[in-house]
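# Examination of the molecular architecture
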Amino acid sequence: MPTAMEIYKLLPKTNCGECKFPTCLAFAMQLANQKVALDACPHVSPEAKAALEESGAPPIRLVSFGSGDLAVKMGDETQLFRHDKTFYNPTVLGLVADDADGLDAMKAKIEEAHAMSFERVGQIMRVDSVALRHSTGSVDDFVEAVKTAAGRELPVVIMCDDAGLAAKAADACSDRKPLLYRATASNFDAMVAVAKEKSLPLVVGASTLEELTELADKAKKAGLNDLVLEPGTESLADMLVKMTAIRRAAVKNKFRPLGFPTIAILGPDMMNHMKAAMGVMKYSSALLMDDMPREMVYPLLALRQNIFTDPQVPIQVKAGLYSVGEPTDKSPVMFTTNFSLTYFTVRADIEKSKIPAWMLVVDTEGQSVMTAFAAGKLTPESVAKSIDDFQVKEKSSRNEIIIPGMVSRMSGKLAELTDMKVTVGPRESSGLPKMMKTLSS
Amino acid sequence: MGFEMPTEKYSGRIKEVAIGATKDQGGTRTARLIAGGSNGLPFLPFESEMPHPPLVAMDVVDTVRMVPEQLQESMGAAVKDPVEWAKKCEGEWGADLCVLKLQSANPEEEDRPAEELEALVQKTLQSTGIPMVVYGCGFEEKDAKVMEKVSNAAKGERLFLGLAEEKAYKSIAAASMANGHGIVAFSNLDINLAKQMNILLLDFGMKPENILMDPLMAPLGMGLEYSYSNIERLRLGALSGDPVLQMPMICDCSCAWTVPEALEENPERGDPELRGVYWEAMTALAAAVAGADVVIMRHPRSVTTFRNSIKALAGGA
Ligand code: B12
Ligand code: SF4
């Protein structure tokens with residue numbers, strides 16, 4: 001965002017007051033603080049407006065593709081390091097289906113991508129998109145596959161260098177806002193024309209950053225705003241260096257031609273899977289992968305979830321008394337913390353026992369059992385208070401509470417404060433099913 | 001608008017720390033390794049040097065109690081015998097160094113006497129040639145005894161002894177200073193604590209070139225994001241010129257095997273062992289990208305995968 005002085009210089013300086021502020025300067029100050037919109041001044045010139053919009057635009061443009069609930073967003077990042085604030089839009093992961101493998105194989109891959117969705121700590125993590133690539137296969141298969149993909153929910157990437165065919169494929173999924181891949185020096189004008197005519201986001205690719213800058217600038221001048229940059233990322237080293245350079249240029253230097261999301265295409269082996277992990281950590285907005293074995297996808301999605309959580313706020317659940325299964329007043333009661341990872345781990349383990357239970361979730365500001373205990377955020381007092389607040393004794397007549405093994409040290413004090421029988425559970429909740437079977441009913 | 005490479009120059013440099021000693025240097029190791037030395041963020045050769053890409057250590061745990069069952073199966077019979085395990089790390093699995101974790105010293109479990117552990121360290125040194133790091137069991141009193149014996153028995157080998165903690169570092173620091181060994185300074189995911197730990201050791205009389213920092217690597221899915229950012233911040237602090245943060249970092253990524261998700265049976269998530277391999281390799285890559293100078297790993301396949309990545313990053317291959 002430009003400063004108040006920078007804005008003031010571009011205003012008419014007539015102090016006419018129509019913006020409801022006494023002076024242009026007062027208005028500029030409000031605008032710099034994002035308290036008002038520029039539209040409130042009816043007298044700004046179009047040139048000033050354009051200049052202000054440009055300098056107020058985020059360092060990396062937000063570009064989206066796909067439609068409906070599963071549409072994805074890329075870019076709009078403002079940081080080099082997540083600890084400085086946070087990373088916002090998780091790297092989009094897409095599975096590539098190539099027409100060299102034939103239509104059936106492509107259809108199978110479309111289904112495979114759709115099936116790759118997992119629940120983890122209460123969030124859905126999934127493969128976000130399908131990319132259809134025209135290489136050596138039949139053009140008809142390619143277009144047919146695009147149609148098939150468009151009939152499903154995941155956002156689609158159209159991968160082909162031939163602008164005419166890209167246009168045809170785009171028509172086959174026109175209401176789905178696909179991402180077009182890609183314009184290079186050799187097909188530039190034609191591909192840009194297609195993206196423009198159909199108002200679609202476009203990948204611009206080049207093997208050097210100089211050339212990429214040039215092409216992106218040219219595409220912008222041709223009137224395209226929704227660009228995605230593909231620097232050549234042959235090796236892992238190349239990928240880290242180029243992605244870092246683009247992010248720094250955009251965020252630190254406000255270098256507009258590179259102020260767009262980035263994408264990398266990854267081949268089918270373990271080295272490429274490590275490249276994917278690198279891309280998630282170091283600045284790739286999207287990764288399209290030739291294969292995604294499940295053994296790799298799950299950890300990769302977990303890595304993405306980790307890297308893109310807000311460093312200030314752990315993923316957490318609401319404190320309260322939760323039921324697992326259909327507990328009665330005879331069912332066992334146990335407590336844990338409101339850190340999502342802890343809550344969902346413990347919950348899954350209780351479920352494995354097939355014994356209904358009450359789960360008291362104590363507010364520890366989203367910290368794990370050990371962390372909260374060490375930090376003094378999980379104390380006999382705070383547990384006793386939760387027992388009161390959430391009326392545990394009214395729900396269960398056992399007058400017994402099972403506590404995590406790691407905090408066995410609080411049992412005496414907790415018993416004293418609550419008049420309940422305190423039973424120390426296993427250190428790892430994986431031991432709960434076994435322990436719960438031994439409880440008297 | 002021409003493109004210009006946006007470079008960063010830092011005033012600080014990570015210290016070079018030597019691990020292990022060869023015959024000429026008073027030990028019996030076949031090589032002396034150097035950790036650290038870089039003057040920028042990892043693997044960005046257009047602006048900084050990284051003379052020593054991250055070293056790969058493999059851990060050896062002296063009791064199978066601490067090794068998940070599936071791993072025991074896939075890593076073979078060697079994991080039942082620490083000396084054999086260490087030999088495998090050096091030979092077949094190609095580790096740069098070995099971290100011997102004396103968990104059997106645990107007074108609440110096996111409670112193996114210090115003499116036996118001393119003998120174990122000696123035998124491991126005789127059977128291998130790679131530099132070694134030796135960790136105790138985390139119980140202060142017992143570790144004090146064990147480390148003193150280990151230090152004497154391995155005089156001249158330039159081991160690194162661990163873990164020195166804020167509330168328990170004097171006996172281990174004394175043990176390591178007595179015979180020219182180094183120390184691993186543990187801190188808990190906090191840049192100020194890491195700094196504090198180094199200051200304590202320096203005040204105690206340790207030399208900076210004898211310290212490696214362990215800022216606690218939390219595994220993927222279990223706090224990796226905290227460690228990733230903590231390591232980045234430590235590295236940036238060191239590069240911006242804080243001498244007390246310029247010790248190389250050692251990150252124990254074998255913690256990946258403690259994450260239930262890494263190994264649990266779940267057909268939707270594919271073969272558990274291979275998933276675990278990715279789990280550990282990605283944890284290690286995160287550590288290295290953030291700034292680790294030494295990573296500790298366990299599974300031979302994740303070691304290969306990680307090593308190939310480092311080669312590709314450092315050599316540009
Ligand atoms: C990530 C992490 C952090 C993160 C916080 C993450 C979070 N949102 O909680 C941060 C960086 C903020 C942090 C900070 C600290 N941490 Co911390 N942290 C960890 C780490 C690496 C992982 C914790 C985790 O996520 N565990 C996973 C969850 C699922 O575990 P859990 O909640 O304990 O649940 C398990 C069991 O308790 C049990 N269980 C849970 N509920 C129940 C219920 C019942 C009925 C039963 C039977 C069992 C059960 O089953 C679960 C699954 O096994 C651990 C080390 C490690 N590898 O474990 C250290 C650790 C927990 N931290 C520790 C410490 C000391 C701290 C600090 C005090 C240090 C400091 N820097 O000042 C601070 C405190 C924070 C503060 N001042 O506000 C110590 C605790 C030492 C101790 N023995 O008390 C640990 C063990 C590290 C260590 N080895 O020193 N930490
Ligand atoms: S409306 Fe525009 S010109 Fe009038 S005072 Fe406000 S900012 Fe100035």
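Summarised in this report is the structure supplied together with it. On a predicted model such as this, the values are computed, not experimentally measured, just so you know. (Residues numbered from 1 in each chain as written. Chains lettered and ligands numbered in written order. Predicted model: local features only at pLDDT ≥ 70, side-chain atom pairs only at ≥ 80, totals over all residues. Heavy atoms only, no water.)

## Notes on the packing of helix α3 (residues 114-127) of chain B against helix α4 (residues 140-153) of chain B
All names here are of chain B. What counts, and what does not: Structural elements are reduced to axes, namely lines fitted to C-alpha atoms, with helices fitted over the stretch in contact, and the angle between N-to-C directions of any two is expressed from 0 to 180 degrees. Here a strand is any run of E in DSSP of at least two residues, a helix any run of H or I of at least four, and the numbering for each starts at the N terminus. Put simply, a crossing is left-handed when the front helix is turned counterclockwise from the back one by less than a right angle, and right-handed when it is turned clockwise. When checking whether two residues touch, look at their non-hydrogen atoms; a contact exists if any pair is within 4.5 Å.
Across the interface, α3 lies against α4 with an axial gap of 9 Å and an inter-helix angle of 35°. With respect to the hand of their crossing, α3 and α4 are arranged in right-handed fashion. For the pair α3 and α4, contact is made by Ala114, Glu115, Leu117, Glu118, Val121 and Gln122 and by Lys142, Lys145, Val146, Lys149, Val150 and Ala153, respectively.

## Re the site of ligand 2
All names here are of chain A. How we decide: Residues are classed as near a molecule or strand on a simple rule: at least one heavy atom within 4 Å of it. Buriedness of a pocket was judged along seven lines, with at least five required to meet protein on both sides within 12 Å; pockets are open sets of points on a 1 Å grid over the protein atoms alone, cavities are sets where a 1.4 Å probe fits but cannot get out, and lining residues have an atom within 4 Å of a point. Each molecule is checked against the cavity or pocket grid, and it sits inside if more than half of its atoms lie within 2 Å of the grid points. For this classification, Asp, Glu, Lys and Arg are treated as charged, while Ala, Val, Leu, Ile, Met, Phe, Trp, Tyr, Cys and Pro are nonpolar and the rest, including Gly, are polar.
Around ligand 2, the neighbouring residues are Pro12, Thr14, Asn15, Cys16, Gly17, Glu18, Cys19, Cys24, Phe27, Cys41 and Pro42. When atom positions are compared with the pocket grids, ligand 2 is found to occupy the largest cavity. Classifying every residue of the shell around ligand 2 gives 7 nonpolar, 3 polar and 1 charged.

## A word on the nonpolar core
For clarity, the threshold we go by: Take the buried residues of types Ala, Val, Leu, Ile, Met, Phe, Trp, Tyr and Cys, join any two whose side-chain atoms come within 4.5 Å, and each joined set is a nonpolar core. The rule is simple: take the accessible area with a 1.4 Å probe, protein chains only, and divide by the maximum for that residue type; under 20% is buried, over 50% is exposed, in between is partly exposed.
Counting residues in hydrophobic clusters, the biggest one holds 180 residues, and the most contacted among them are Leu132 of chain A together with Leu201 of chain B. Top element by residues in this core is helix α9 (residues 272-290) of chain B. It accounts for 13 residues. If near-sequence neighbours (up to four positions away) are discounted, Leu132 of chain A is found in contact with Ala97, Met106, Ile110, Phe142, Ala145, Val146, Ala149, Val156, Val157, Ile158 and Met159 of chain A. Within the second largest apolar cluster, 20 residues are counted, among which are Phe335, Ile403, Val407 and Met420 of chain A.

## What about the site of ligand 1?
Rules: As used in this structure description, the phrase polar contact means that two N or O atoms lie within 3.5 Å; if the pair is within protein, one of them must be able to donate a hydrogen and the other to accept it, and residues adjacent in sequence are counted only when both atoms belong to side chains.
In the vicinity of ligand 1 lie 37 residues, with Thr336, Thr342, Ser368 and Val369 of chain A together with Asn188 of chain B positioned nearest. In this structure, an oxygen atom belonging to ligand 1 sits 2.9 Å away from a side-chain N or O atom of Glu428 of chain A. Counting only elements with at least two residues in the shell around ligand 1, the list comes to β14 (333-337), α12 (340-353), α13 (369-374) and β16 (400-403) of chain A. Within the shell around ligand 1, the residues separate by chemical class into 22 nonpolar, 11 polar and 4 charged.

## Focus: α9 of chain B
An α-helix turns once per 3.6 residues; consequently, residues spaced three or four apart project the same way. Put simply, the test is: For a helix, the expected span equals 1.5 Å multiplied by the residue count minus one.
Taking 1.5 Å per residue as the helical rise, α9 of chain B with its 19 residues ought to reach 27 Å, and the 27 Å between its terminal C-alpha atoms agrees with that figure. With 18 of 19 residues buried, α9 of chain B is to be regarded as a mostly interior element.

## Regarding the pattern of salt bridges
This is how the line gets drawn: Salt bridges, as used here, are contacts in which a Lys or Arg side-chain nitrogen is within 4 Å of a carboxyl oxygen on Asp or Glu.
Inspection of every chain in the model, using the stated rule, returns 38 salt bridges over all chains. Across the pair Arg182 of chain A and Asp161 of chain A runs a salt bridge, and its minimum N-O distance is 3.8 Å. Taken together, the residues Arg182 of chain A in strand β8 (residues 179-183) and Asp161 of chain A in the loop between β7 (156-159) and α6 (163-171) connect sequence positions 21 residues apart. Salt-bridge contacts for Lys352 of chain A lead to Asp349 of chain A; the nearest nitrogen and oxygen are separated by 3.3 Å. Residue Lys352 of chain A and its partner Asp349 of chain A are both found in helix α12; the two are separated by 3 residues, about one turn of the helix. With relative accessibility at 51%, the residue Lys352 of chain A sits in the exposed group. Overlapping salt bridges bring together Asp59, Lys101, Asp252 and Arg298 of chain B as one network.

## Focus on the sheet that holds strand β4 (residues 97-101) of chain B
In sheet architecture, strand pairing relies on hydrogen bonds along the backbone and comes in two forms, parallel and antiparallel. All names here are of chain B. Counted only if it meets this: Only strands joined by at least two bridges in the DSSP assignment are considered to pair.
In spatial order, the strands read β8-β7-β6-β5-β4-β3-β10-β9; together these 8 strands make up an open sheet with parallel pairing. The open sheet terminates on both sides in strands that have one partner only, identified here as β8 (211-214) and β9 (250-252). In this sheet, adjacent strand axes meet at a mean angle of 25° when their direction is disregarded. In terms of strand pairing, β9 meets strand β10 (residues 294-297) through 3 bridges, oriented parallel. Across the sheet, the residue bridging to Ile250 is Val294, located in β10.

## Comments concerning the environment of Lys198 of chain A
Residue and element names in this part refer to chain A. Position of Lys198 relative to the elements: it lies in helix α7 (residues 188-198). Judged by relative accessible area, which is 21%, Lys198 ranks as partly exposed. Ignoring anything within four residues of it in the chain, the contact list for Lys198 reads Ala167, Ala170 and Asp171. At 3.4 Å, the side chain of Lys198 and the side chain of Glu197 are in polar contact.

## Here we look at the sheet that holds strand β9 (residues 202-206) of chain A
All names here are of chain A. In spatial order, the strands read β10-β9-β8-β7-β6-β3-β12-β11; together these 8 strands make up an open sheet with parallel pairing. Lying at the two open borders of the sheet, with one neighbouring strand each, are β10 (227-231) and β11 (263-266). Averaged over all pairs of adjacent strands, the angle between strand axes in this sheet comes to 25°, irrespective of strand direction. The pairing of strand β3 (residues 92-98) with strand β6 (residues 129-133) spans 5 bridges and is parallel. Across the sheet, Leu95 pairs through a bridge with Val130, a residue of β6.

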